[in-house]
Amino acid sequence: MSEEESQDQGPWGYTTGVQDEDAARDAFWENVALGLLGLIPLVIHEQRNKSDAELAALAKDASDAIAHKSDAFQFKKPGGKATGVLGALAAGMAVLARQPGGVTALGVHACTRTHEGCPK
């Protein structure tokens, strides 16, 4: 299917769970996948009118948050502060969902256009 033949998945895109060995065997990552399934469509909708430059800035901010705070996210201490990493993961994956073929990671597939190999 060429890019011209692919169809827009609508303002929320398409997001679904996919088999991921890490998410399936670990409750933490299973919960991350569930959170992303709810957040990614909302972020896709929020980003729908953003320019490429704005999307690039969002992706950079997301990658910075993930790179600097994911240890605190994954190994949060009781009473620790929220890290914003789950939101950053959702924002980054929403940007990547716009790429041909979308994105598949952490037990989640997200795309904004139909494509070959989509788990839909």
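Cut-offs used in this document
- Residues numbered from 1 in each chain as written.
- Predicted model: local features only at pLDDT ≥ 70, side-chain atom pairs only at ≥ 80, totals over all residues.
- Heavy atoms only, no water.
- Helix = DSSP H or I, 4+ residues; strand = E, 2+ residues; numbered from the N terminus.
- Rg over C-alpha atoms; globule rule 2.2 N^0.38 Å.
- Buried < 20%, exposed > 50% of the residue type's maximum accessible area, 1.4 Å probe, protein only.
- Contact = heavy atoms within 4.5 Å.
- Areas by Shrake-Rupley, 256 points an atom, 1.4 Å probe, with all protein chains shown as cover.
- Lys, Arg positive; Asp, Glu negative; His and termini not counted.
- Charge placed at Lys NZ, Arg CZ, Asp CG, Glu CD.
- Pairing = 2+ DSSP bridges.
- Core = buried A, V, L, I, M, F, W, Y, C linked by side-chain atoms within 4.5 Å.
- Expected span 1.5 Å × (residues − 1).
- Bend = angle between axes of the 7 residues up to and from the residue.

What to know about the overall build of the protein chain
Each helix and strand counted, the protein chain has four helices and three strands in total. A globule of 120 residues ought to have a C-alpha radius of gyration of about 14 Å, and the protein chain, at 15 Å, matches this closely. Along the three orthogonal principal directions, the C-alpha set of the protein chain runs to about 50 × 35 × 20 Å. The buried share of the protein chain, taken over its 120 residues, is 33%. Considering only contacts in the protein chain between residues 6 or more positions apart, those separated by 24 or more positions represent 68%. Counting only carbon and sulfur atoms, one obtains 53% of the accessible surface of the protein chain, whose full area is about 7,400 Å². For the protein chain, the distance from the average site of its 11 positive side-chain charges to the average site of its 16 negative ones is 10 Å.

What to know about the environment of A67
Tracing the chain through its elements places A67 in helix α3 (residues 52-74). Residue classification places A67 among the exposed positions, given a relative accessible area of 58%. Through-space distance from the C-alpha of A67 to that of H45 is 25 Å; in sequence the pair is 22 residues apart.

Examining the pairing of strand β3 (residues 108-111)
Along a regular strand, successive side chains alternate from one face of the sheet to the other. On β3, burial covers both faces: V108 and A110 on one face and H109 and C111 on the other are all buried. Examined bridge by bridge, strand β1 (residues 14-17) and β3 share four bridges and lie antiparallel to one another. The residue bridging Y14 from the neighbouring strand is C111, located in β3. As judged from the three bridges shared by strand β2 (residues 103-105) and β3, these two strands associate in the antiparallel manner. In the strand pairing of β3, V103 is matched with A110. Counted along the chain from β2 to the antiparallel partner β3, the turn is two residues long, and its residue L106 has a positive phi close to 55°.

Digging into the nonpolar core
Buried together is how nonpolar side chains tend to be arranged in soluble globular proteins. Among the nonpolar cores identified, the biggest contains 20 residues, and L36, I40, L89, M93 and V108 are the most heavily contacted of them. Where this core is concerned, the elements lending two or more residues are α2 (27-47), α3, α4 (85-96) and β3. With seven residues, the single largest contributor to this core is α4. Setting aside its immediate chain neighbours within four residues, L89 contacts V32, L36, I66, F73 and L106.

Here we look at α3
For α3, which comprises 23 residues, the first-to-last C-alpha distance of 31 Å matches the rise-based estimate of 33 Å (1.5 Å per residue) to within 8%. Bending of α3 peaks at approximately 55° at the position of H68. Every buried residue of α3 is listed here: L55, A62, A65 and F73. Residues of α3 that are buried in the fold lie against α2 and α4.

These values are about where atoms sit, not about what they do.
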